[in-house]
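Topology and contacts: notes
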Amino acid sequence: MAETIIKIDLKQSPYENEKIHNRWHPDIPMAVTVKPGSDFIIECYDWTGGQIKNDDDASDVRDVDLSQVHFLSGPVGVEGAEPGDLLEVDILDIGTFAESLWGFNGFFSKKNGGGFLTEHFPEAQKSIWDFNGMFTKSRHVPKVEFAGLIHPGLIGCLPSKELLDEWNKREKALYDTAPESVPPLATIPYAETAHMGQLKGEERAKAAAEGARTVPPREHGGNCDIKDLSRGSKIYFPVYVKGAGLSMGDLHFSQGDGEITFCGAIEMAGWIHLRVNLIKDGVKKYGIKNPIFKPSPIAPKYDDYLIFEGISVDEKGKQHYLDVHIAYRQACLNAIEYLTKFGYSKAQAYAILGTAPVQGHISGVVDIPNACATLWLPTDIFEFDVKPNANGPTKAIDGSVQVPLAPDL
Ligand code: ZN
């Protein structure tokens, strides 16, 4: 059995664990160092560090402190890694903790985080998902069960100082175009809740003030939330600092393409088993800017889908020019409306799209003025026939359970 090189205690605050950090900065010391070719296990908090509880009350989602996220395990130093190398990472396995066989999905309040459909779901809600081996179901979303395509939402290497400065500069410029925006246009550095791993003293204070937030995906990968970057994948990351400094977290039991609910997929604490290797000077050799990866040889086998189309005409009927974001939103809203005909609430339908192995595709981006996006809903995750037929939809869901809602104060 591979050695567990980073351990966590779910009863302990992640701030007390020096092998955890929640900002990106090149000065964060390596929590542990490994040799190329070795494999090892790393334990991870859920992305909020335990702020969300397994109960039927969404006030924890409403009141979550988002400046604390994401709690990442690492950085893992790799001997011999230098800027310009490619770090090859095999995700050998990912698993749950026996004492924590559950995860959560939520919608943030529009006033605290928001989300893809925040105009339609402005208040906080959450659903709890129980894990039964490789399957999951929720007491808040009846008659749906699916296999987990388990993956890290967030994984990447430490940035160089130059790259960090570039991130901060371009994101601040965007933020400054509408600083009062709720939710904000970008998450800018915030020292108060920074956790800088083993950094101490003045060095720590300086790094905390300039450390990049972990919310967006960037050139190094980071918070890409790609459901197919799952157990069994092989990823190639650009290296920017000596030792590479690989960190990860935000484990998801399952997620639909887009992570549209934002809080988030089915979020969980757990462990990840990795193997690392180096391709010297690989960034230049292969012309790599952002990470590339090979998917897993195993995946849940859902072959039958109902596919919902969306175009870049918004809810008010306004025409937009080839806007894929709006087109995907329409595809999602069309799927939600359809699922309500079987008795689901809109919130239950939204939760299904955020958690199940739903596919999102950009189908057309040239047919002016409309982009076309599609949402692929697997039919076999439902305990009833979800396809259209001449008799009309059966009321499969009686409305006796709902997704808990926490109204804004
Ligand atoms: Zn997540």
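Residues numbered from 1 in each chain as written. Predicted model: local features only at pLDDT ≥ 70, side-chain atom pairs only at ≥ 80, totals over all residues. Heavy atoms only, no water.

1. Quick look at the overall build of the chain
A count of helical and extended segments in the chain gives 6 helices and 22 strands. Here the chain, with 409 residues, has 56% of them falling under the buried criterion. Partitioning the intrachain contacts of the chain with sequence separation of at least 6 by distance along the chain shows that 81% fall at a separation of at least 24. Surface accessibility of the chain: about 17,300 Å² in total, with carbon and sulfur atoms responsible for 54%. Between the averaged position of the 40 positive side-chain charges in the chain and that of its 56 negative side-chain charges there is a distance of 2 Å. (Helix = DSSP H or I, 4+ residues; strand = E, 2+ residues; numbered from the N terminus. Buried < 20%, exposed > 50% of the residue type's maximum accessible area, 1.4 Å probe, protein only. Contact = heavy atoms within 4.5 Å. Areas by Shrake-Rupley, 256 points an atom, 1.4 Å probe, with all protein chains shown as cover. Lys, Arg positive; Asp, Glu negative; His and termini not counted. Charge placed at Lys NZ, Arg CZ, Asp CG, Glu CD.)

2. A look at helix α6 (residues 346-355)
Most of α6 sits out of view: 9 of its 10 residues are buried. Restricting attention to buried positions, one finds in α6 the residues A347, Q348, A349, Y350, A351, I352, L353, G354 and T355. Check the buried side of α6 and you find it contacts β7 (102-107), β8 (124-132), β10 (141-147), β16 (262-267), α5 (324-340) and β21 (372-378).

3. Observations regarding a nonpolar patch on the surface
Taken together, the side chains of I362, V365 and V366 define a hydrophobic patch exposed on the protein surface, amounting to about 300 Å² of accessible area. With respect to the secondary-structure elements, I362 resides in strand β20 (residues 359-364). (Patch = residues over 30% accessible without salt bridge, like charges linked within 9 Å, V, L, I, M, F, W, Y side chains within 5 Å. Salt bridge = Lys/Arg side-chain N within 4 Å of Asp/Glu carboxyl O.)

4. Regarding the coordination of the zinc ion
Distances from the zinc ion to its protein donors, namely D250 (OD), D250 (OD), H252 (NE2), E267 (OE) and E267 (OE), fall within the range 1.9 to 2.8 Å. Linear spacing of the donor residues for the zinc ion on their chain is D-x1-H-x14-E. Remark: E267 occurs in strand β16 and H252 occurs in strand β15 (residues 244-252); sequence separation between them is 15 residues. Owing to a relative accessible area of 0%, H252 belongs among the buried residues under this scheme. E267 sits in the buried class, given a relative accessible area of 1%. (Donors = N, O, S within 2.8 Å, 3.2 Å for Na, K, Ca; no water.)

5. With respect to the sheet that holds β20
The antiparallel open sheet is built from 3 strands, whose spatial order is β19-β21-β20. Of all strands in the sheet, those with a lone pairing partner are β19 (305-311) and β20, marking the two edges. For this sheet, the mean inter-axis angle between neighbouring strands, taken without regard to orientation, is 25 degrees. Two strands pair when backbone bridges link them, and β20 and β21 are joined in this way by 5 bridges, in the antiparallel orientation. When the bridges of β21 are listed, Q359 appears paired with W376. (Pairing = 2+ DSSP bridges. Axes fitted to C-alpha atoms, helices over the stretch in contact; angles between N-to-C directions.)

6. What to know about the pairing of strand β11 (residues 151-157)
Burial runs high along β11: 7 of the 7 residues are buried. Across 6 bridges, β11 lies against β15 in antiparallel orientation. Paired with H151 across the two strands is H252, which belongs to β15. As judged from the 2 bridges shared by β11 and strand β13 (residues 221-222), these two strands associate in the antiparallel manner. If you follow I155 over to β13, its bridge partner there is G222.

7. Digging into the sheet that holds strand β17 (residues 270-279)
Spatially, the 6 strands line up as an open sheet ordered β1-β4-β17-β6-β14-β18, and their pairing is mixed. What marks the edges here is a single partner per strand, and that holds for β1 (4-6) and β18 (292-294). For this sheet, the mean inter-axis angle between neighbouring strands, taken without regard to orientation, is 35 degrees. For β1 and strand β4 (residues 39-44), the ladder comprises 2 bridges, and the chain directions are parallel. Along β4, the bridge assignment pairs I6 with I42.

8. So, the domain arrangement of the chain
Domains assigned within the chain are domain 1 (3-294) and domain 2 (305-381). On a C-alpha basis, the centres of domain 1 and domain 2 stand 26 Å from each other. Connecting domain 1 to domain 2 are 0 salt bridges. The tally of links between domain 1 and domain 2 comes to 13 residue pairs in polar contact (both at pLDDT 80 or more). Counting residues per element, the ones that place at least two in the side of domain 1 that touches domain 2 are β7, β8, β10 and β16. It is β10 that provides the largest number of residues to the side of domain 1 that touches domain 2, a total of 6 residues. Tallied by class, residues from the side of domain 1 that touches domain 2 come to 12 nonpolar, 10 polar and 4 charged. (Domains from an automatic or database assignment. Polar contact = N/O pair within 3.5 Å; in protein donor to acceptor, adjacent residues only side chain to side chain. Nonpolar A, V, L, I, M, F, W, Y, C, P; charged D, E, K, R; others polar.)

9. Structural notes on the layout of surface pockets
Its boundaries defined by the atoms lining it, the largest pocket holds a volume of some 1,500 Å³. Surrounding the largest pocket, 49 residues form its lining, G113, P183, P184, V215 and F262 being those nearest its centre. Within the residue set of the lining of the largest pocket, elements represented by two or more residues are β16 and α5. Of the residues belonging to the lining of the largest pocket, the class tally is 22 nonpolar, 14 polar and 13 charged. (1 Å grid on protein atoms, 1.4 Å probe; cavity = no way out; pocket = protein on both sides within 12 Å on 5 of 7 lines; lining within 4 Å. Points joined across faces, edges and corners; volume = space filled by probe spheres on them.)

10. Describing the environment of I20
On the secondary structure map, I20 appears in strand β2 (residues 20-21). Among the residues examined, I20 registers a relative accessible area of 0% and is labelled buried. For the pair I20 and P75, spaced 55 residues apart in sequence, the C-alpha separation works out to 8.0 Å. Here I20 is in contact with I8, P14, Y45, F71, L72, S73, G74, H195 and G197, once residues within four sequence places are set aside.

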